[in-house]
Protein chains: 2
Amino acid sequence: MPEKKLTYPFVVEPFQEDITGSLSWSVLGNLLLRVADFHASAHGFGSDYVKATRRAWVLARLIIDMKRRPMTGDKYCISTWISKVFRQFTDRHFAITTPEGEVLGYATSIWALIDYQDRIPVDLEELPGGGFVDIAIDEVPPISGPGRIRLGKIDPVATHLAAYSDLDINGHVNSIRYIDLALNQLTLDQHRSNPVHRVEMTYAIESLAGETLSIYKAQQGELTHDLEIRRGESTLVKARLIQQA
Amino acid sequence: MPEKKLTYPFVVEPFQEDITGSLSWSVLGNLLLRVADFHASAHGFGSDYVKATRRAWVLARLIIDMKRRPMTGDKYCISTWISKVFRQFTDRHFAITTPEGEVLGYATSIWALIDYQDRIPVDLEELPGGGFVDIAIDEVPPISGPGRIRLGKIDPVATHLAAYSDLDINGHVNSIRYIDLALNQLTLDQHRSNPVHRVEMTYAIESLAGETLSIYKAQQGELTHDLEIRRGESTLVKARLIQQA
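The structure contained in this document is the topic of the report that follows. (Residues numbered from 1 in each chain as written. Chains lettered and ligands numbered in written order. Predicted model: local features only at pLDDT ≥ 70, side-chain atom pairs only at ≥ 80, totals over all residues. Heavy atoms only, no water.)

With that settled, the discussion passes to the overall build of chain A. When its secondary structure is counted, chain A shows four helices and 11 strands. A compact globule built from 245 residues would reach a C-alpha radius of gyration of about 18 Å, and chain A, at 18 Å, matches this within 12%. Dimensions of chain A, computed from the C-alpha atoms along their principal axes, are close to 50 × 45 × 30 Å. A buried classification covers 56% of the 245 residues belonging to chain A. A separation of at least 24 residues holds for 71% of the contacts in chain A among residues at least 6 apart in sequence. With the model as given, the accessible surface of chain A reaches about 10,800 Å², and the carbon-plus-sulfur share is 50%. Charge separation in chain A, taken as the distance between the mean sites of 26 positive and 31 negative side-chain charges, equals 3 Å. (Helix = DSSP H or I, 4+ residues; strand = E, 2+ residues; numbered from the N terminus. Rg over C-alpha atoms; globule rule 2.2 N^0.38 Å. Buried < 20%, exposed > 50% of the residue type's maximum accessible area, 1.4 Å probe, protein only. Contact = heavy atoms within 4.5 Å. Areas by Shrake-Rupley, 256 points an atom, 1.4 Å probe, with all protein chains shown as cover. Lys, Arg positive; Asp, Glu negative; His and termini not counted. Charge placed at Lys NZ, Arg CZ, Asp CG, Glu CD.)

What follows concerns the packing of aromatic side chains. Applying the stated criterion to the full structure yields 14 aromatic pairs over all chains. Feature note: the residues Phe 45, Tyr 49, Trp 57 and Phe 132 of chain A constitute an aromatic cluster, connected by ring pairs. Here the basic side chain of Lys 84 of chain A rests over the ring of Phe 86 of chain A, its NZ or CZ set 5.4 Å away from the ring centre. Residue placement shows Arg 230 of chain B over the ring face of Tyr 216 of chain B; its charged tip is 4.0 Å from the ring centre. (Phe/Tyr/Trp six-rings, centres within 6.5 Å; stacked < 30°, edge-to-face > 60°. Lys NZ or Arg CZ within 6 Å of the ring centre and 35° of its normal.)

Residue and element names in this part refer to chain B. Secondary-structure assignment places Glu 211 in the loop between strand S8 (196-203) and strand S9 (212-220). Reaching out from Glu 211, the side chain makes a polar contact with the backbone nitrogen of Leu 208 at a distance of 3.0 Å. A polar atom in the side chain of Glu 211 sits 2.9 Å from the side chain of Arg 231. Apart from the residues within four sequence positions on either side, Glu 211 is in contact with His 160, Leu 161, Ala 162 and Arg 231. (Polar contact = N/O pair within 3.5 Å; in protein donor to acceptor, adjacent residues only side chain to side chain.)

Moving on, we come to unusual backbone geometry. One non-glycine residue, Phe 15 of chain A, adopts positive backbone phi at about 75 degrees. If you trace the backbone, Phe 15 of chain A turns up in the loop between strand S1 (6-11) and helix H1 (25-42).

Moving on: the relation of the copies chain B and chain A. Relating the two copies of this chain is a rotation about some axis coupled with a shift parallel to it. Here chain B sits on chain A after a turn of 180 degrees about the axis and a move of 0.0 Å along it, with an RMSD of 0.0 Å. Both copies of the chain, as the preceding transformation shows, are related through a two-fold rotation axis. Nearest to the rotation axis, the C-alpha of His 160 of chain B is located 4.6 Å from it, this being the minimum over chain B. The overlap is high: 100% of the interface residues of chain B also sit at the interface in chain A, so the same surface is used on both sides. (Least-squares fit on C-alpha atoms with pLDDT ≥ 70 in both.)

Across the contact, 31 residues belong to chain B and 31 residues belong to chain A. Contact between chain B and chain A buries roughly 2,800 Å² in total, counting both sides, with carbon and sulfur atoms accounting for 62%. Area buried by chain B at its contact with chain A is led by Phe 15, Tyr 164 and Ile 169 of chain B, which between them contribute 28% of it. For the pair chain B and chain A, the interface holds two salt bridges. Here Arg 34 of chain A ties to Glu 13 of chain B by a salt bridge, and the two come within 3.8 Å at their closest N and O atoms. The tally of links between chain B and chain A comes to six residue pairs in polar contact (both at pLDDT 80 or more). (Buried area = accessible area lost by both parts, 1.4 Å probe. Salt bridge = Lys/Arg side-chain N within 4 Å of Asp/Glu carboxyl O.)

Okay, structure coming up:
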């Protein structure tokens, strides 16, 4: 059986940086999804399994908390593991480190496995062979939990028409694109002077191409920004961005 | 000395596909830029050289012509080489193949090396040690040249506010993001029924964060779409997309 915790090596390639010269949040976010799939596949519940059973892993929550993001040419590793399977949900944790083991940051996430046909989440404790239950490790990243975001009745700061380039293979707006939409609401000066070091995402409802998304934003203190992405009255995604002090 | 033509292996990873299930144009486009840098670096004129000399490689033209794009899990290779250096410009070609050598597509591009300070292009035939002149190969991809795009006075079909997630390390809108902006103007039905197989891009002027880009589009025949991306009266980028018959 593969190890319960698996580690994958990467390098920050040219064109993977943002304007600060560090690995961009979108590349990092998509790599977290990728290693999640590598790890799930190694343990029998990756993309091949979900395709064959007509199910899909759906991301419900994601927190990425970086001490620093690696720069062009830097080697780094992403480790991932599960610590708890609780009925319809599993957590999944990540550590982002240098090859020497220095911690660059952590991420933590919550996932459900949804049946395509009836859109009902599967009981993950009842998967064949115990599913992930047997590979859970009693270890969680030392980062704080998510904050409470509630923006109430305010005016949107921007709108976004969901289009081809936002979509994943299932035709939904890619989870990581919402991080970009949130980051785009900060000014370049904010990104340059105090780069975002922590991103909290809560995913409630999926959106499809052609839908107009409205983006709402409220600042909580000097360096914390709460955002909601809504379609009409429905909140699809909540986000909190925290800039480095 | 490294080979004149260099080849880099890749795999279509999960989350690198578009809604058709094939490698997305944006991932492919960014990989072309990446292997261009790998090849240029191997021959002494990559990102380290341009950083040290305060210059930047600027993409003036890019044509990508795919017979088919690889799908999730498929292995593929990108080869790149130079065939001609002509004063301020160098071409750069690409072949995208299966590991067995079956051609999936080709790309061709034209680049200039711009001095940061005075924004003047360097004479590439006068680079130290002959620059790329000595590694040119008398071989060009068997794809047709660019079409002539001139949209004239029409109304824009969309606008786009250039933001953080569009920018590269130099603070300009990433060349490949313009391909996404063009592709977003086709409907999902068009992408699904007749996927785009050829993209032609001409880059004239760079844009910065905070600028509002207007997108103009005219259909030429059933499967050919010409686009211009303008900032006010200035045309920044021209694009032609051709769907598979």
